[in-house]
Amino acid sequence: QKEVEQNSGPLSVPEGAIASLNCTYSDRGSQSFFWYRQYSGKSPELIMFIYSNGDKEDGRFTAQLNKASQYVSLLIRDSQPSDSATYLCAVEGGADGLTFGKGTHLIIQP
Amino acid sequence: DAGVIQSPRHEVTEMGQEVTLRCKPISGHDYLFWYRQTMMRGLELLIYFNNNVPIDDSGMPEDRFSAKMPNASFSTLKIQPSEPRDSAVYFCAISQGGTGQPQHFGDGTRLSIL
């Protein structure tokens with residue numbers, strides 16, 4: 001059973017600070033990693049994906065991948081109240097498709 | 001997401017009834033996925049198709065669930081007979097080029113079985 005673990009939170013971060021979201025996974029063969037944002041009552045929205053070890057930056061978002069440690073993280077710089085949402089980590093499992101974590105609930109305090 | 005249209009958006013029905021959820025991919029894709037989301041279990045993959053062919057249905061909870069994709073622009077997920085524990089939000093998602101590619105989700109169907 002492939003597993004993706006996230007701290008459910010809530011993670012509370014002051015506006016303007018850096019929010020750090022973490023995810024660990026069990027399948028060493030996974031090659032693709034995704035972060036989705038989900039507002040309450042809405043569908044998951046893709047915000048970042050990463051395939052290689054290291055960092056990938058897109059605007060205020062940075063995804064970090066460490067395959068040796070089976071760890072992927074998402075940093076959100078200059079956090080805004082509109083960033084308040086649940087963030088889902090998803091890990092590719094080959095023919096098994098994506099396995100999603102249960103998500104971290106992020107609250108940005110004005 | 002304009003790339004995937006799901007209907008209905010909400011469905012309330014009594015247990016024992018047949019439920020049919022629909023998904024219409026609009027943008028380019030060769031993979032289509034059906035997911036179920038609950039508070040307890042999170043987002044779970046039920047089944048996925050590649051070029052309209054079912055590839056992995058190991059996530060389908062029981063024989064009461066079935067899915068079809070008669071063409072590239074339409075897929076259905078059917079539950080017969082429905083039970084209260086089937087209450088969840090059901091999402092359809094699409095991708096291009098493989099299971100390791102980004103997936104884009106429809107708005108989902110919120111299903112309540114009384």
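Everything discussed here concerns the structure shown above.
Residues numbered from 1 in each chain as written. Chains lettered and ligands numbered in written order. Predicted model: local features only at pLDDT ≥ 70, side-chain atom pairs only at ≥ 80, totals over all residues. Heavy atoms only, no water.

What follows covers the overall build of chain B. Helix and strand counts for chain B stand at zero helices and 11 strands. Reading the secondary structure of chain B in the N-to-C direction produces β-β-β-β-β-β-β-β-β-β-β. Taken against the 2.2 N^0.38 rule, which gives 13 Å for 114 residues, the C-alpha radius of gyration of chain B at 13 Å falls within 12% of a compact globule. Taking the principal axes of the C-alpha coordinates as reference, chain B spans close to 40 × 30 × 25 Å. Scored against the burial criterion, the 114 residues of chain B give a buried share of 51%. The contacts of chain B with a sequence gap of at least 6 include a subset with a gap of at least 24, amounting to 55%. Summing over all exposed atoms, chain B offers an accessible surface of approximately 5400 Å²; the carbon and sulfur share of this is 50%. Charge separation in chain B, taken as the distance between the mean sites of 10 positive and 13 negative side-chain charges, equals 3 Å. (Helix = DSSP H or I, 4+ residues; strand = E, 2+ residues; numbered from the N terminus. Rg over C-alpha atoms; globule rule 2.2 N^0.38 Å. Buried < 20%, exposed > 50% of the residue type's maximum accessible area, 1.4 Å probe, protein only. Contact = heavy atoms within 4.5 Å. Areas by Shrake-Rupley, 256 points an atom, 1.4 Å probe, with all protein chains shown as cover. Lys, Arg positive; Asp, Glu negative; His and termini not counted. Charge placed at Lys NZ, Arg CZ, Asp CG, Glu CD.)

This paragraph deals with the pairing of strand β8 (residues 71-76) of chain A. All names here are of chain A. Summarising burial for β8: five of the six residues are buried, a large majority. Of the strand pairs in this sheet, strand β3 (residues 19-25) and β8 are connected by six bridges, and their pairing is antiparallel. By the bridge assignment, C23 is partnered in β8 with V72. The hairpin formed by strand β7 (residues 61-66) and β8 contains four residues between the paired strands, and Q70 there has a positive phi angle of roughly 55 degrees. (Pairing = 2+ DSSP bridges.)

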